[in-house]
Structures are given as structure tokens and as C-alpha cells.
Amino acid sequence: MTAMLAPDLSLPATGGAPVSLAAQQGKKVVVYFYPKDNTPGCTTEGIDFARLHADFAAAGAVVFGVSRDSVKSHDGFKCKFEFPFELISDADEQLCEAFGVIKMKNMYGKQVRGIERSTFVFDATGKLLREWRGVKVDGHAQDVLEFVRTLT
């Protein structure tokens, strides 16, 4: 997957306009996939990215969060925690499939399909530079920021 380019998909997002990762030419792009709005780990992760948002912007990067939740759910989640970045709704799992983040997971002893917490960084030409899979929330946004700061 190292030669991957940002997928040319336009999906609904907060902010009222669809988002296309491929249309972000000229900017570094951070895309983090998370399982579900308003859950403890996903909330903490969003807050961490929000806290570092100005630093990502100063490094020339835009941040997008992605889950299978609806735009309505995303709007509430974004508003409640004042996230300064857009959340993309991938209800049809188009981006999830493109990035291979849907996995079988154990929840309370049952096998369920869900999003594996993952983050991807693209350069200003839309080329994938780094990916993190099976992410642990603690310190992750800071690790991503440190990587983005190494890019010219």
C-alpha cells in the first residue's frame, strides 16, 4: 500500500460540503479512522487531534476524521467537542474499503465487523507516506504530528 494515492472519492462530511481527499492537492493530509462517534476512545482521540490542530495547520496539514456514522451524528459529535476539523461520513464503507480498515473484532465475546483505528498521512501530491494500524489512542496524535513536522 506504500504507493497508494489518496482515493478520488467524494463523501459527505460536516461543514455542509462533501470532502474529497484527492482534491486536497498542495496540502499534507492526515486521515484518521475511528470506530464510533461519542465513545470513550474515539472522543479522546478526537480531542487530542483537536488540541494539536493549530500545530498541524502550522505544519501545512489538514486533518479529517472518518467513521461509518452519519453526518448528523458527526455534526453533533463535532459540535459537542468543538473539533476544528471536518468529520467524513463513510456509511457505505467506500473509504474504509479503499484503506482496508474494516476488520473482524471481538466485542463482548462476539465477532463483529468494525473499523480498526488507523491513521494515514499523505504528502502535498496525494501520495501515501505513512500509515499506523491498530492504533492505541494515548500519544498517537502527537506521534502523527511529529511525523508531519518532518515533511517538507
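Structure shown above.
Since we're looking at a predicted model, the values are computed, not measured.

What counts, and where the lines are drawn
Residues numbered from 1 in each chain as written. Predicted model: local features only at pLDDT ≥ 70, side-chain atom pairs only at ≥ 80, totals over all residues. Heavy atoms only, no water. 1 Å grid on protein atoms, 1.4 Å probe; cavity = no way out; pocket = protein on both sides within 12 Å on 5 of 7 lines; lining within 4 Å. Points joined across faces, edges and corners; volume = space filled by probe spheres on them. Helix = DSSP H or I, 4+ residues; strand = E, 2+ residues; numbered from the N terminus. Nonpolar A, V, L, I, M, F, W, Y, C, P; charged D, E, K, R; others polar. Polar contact = N/O pair within 3.5 Å; in protein donor to acceptor, adjacent residues only side chain to side chain.

Enquirer: So what's going on with the layout of surface pockets? Residues and values would help.
Expert: Considered as a void within the structure, the largest pocket measures approximately 170 Å³ in volume. Elements supplying a minimum of two residues to the lining of the largest pocket: β6 (102-107) and β7 (110-115). At four residues, β7 tops the list of elements feeding residues into the lining of the largest pocket. Of the residues assigned to the lining of the largest pocket, the class counts are five nonpolar, one polar and four charged.

Enquirer: Talk me through empty space enclosed by the protein; I want residue IDs and the actual numbers.
Expert: Scanning the model with the defined rule gives one cavity of 30 Å³ or more in all. What the largest cavity holds in volume is close to 40 Å³. Lining the largest cavity are A6, L21, Q24, Q25, K27, V29, F122, D123, A124, T125 and G126. Its residues assigned to classes, the lining of the largest cavity shows five nonpolar, four polar and two charged.

Enquirer: Provide a residue-level description of the side chain of D90, including the pertinent values.
Expert: Examined against the element boundaries, D90 turns out to sit in the loop between β5 (86-89) and α4 (94-99). Within the structure, D90 has its side chain in polar contact with the backbone nitrogen of L95 (distance 3.0 Å). A distance of 2.7 Å separates a polar atom in the side chain of D90 from the backbone nitrogen of C96.

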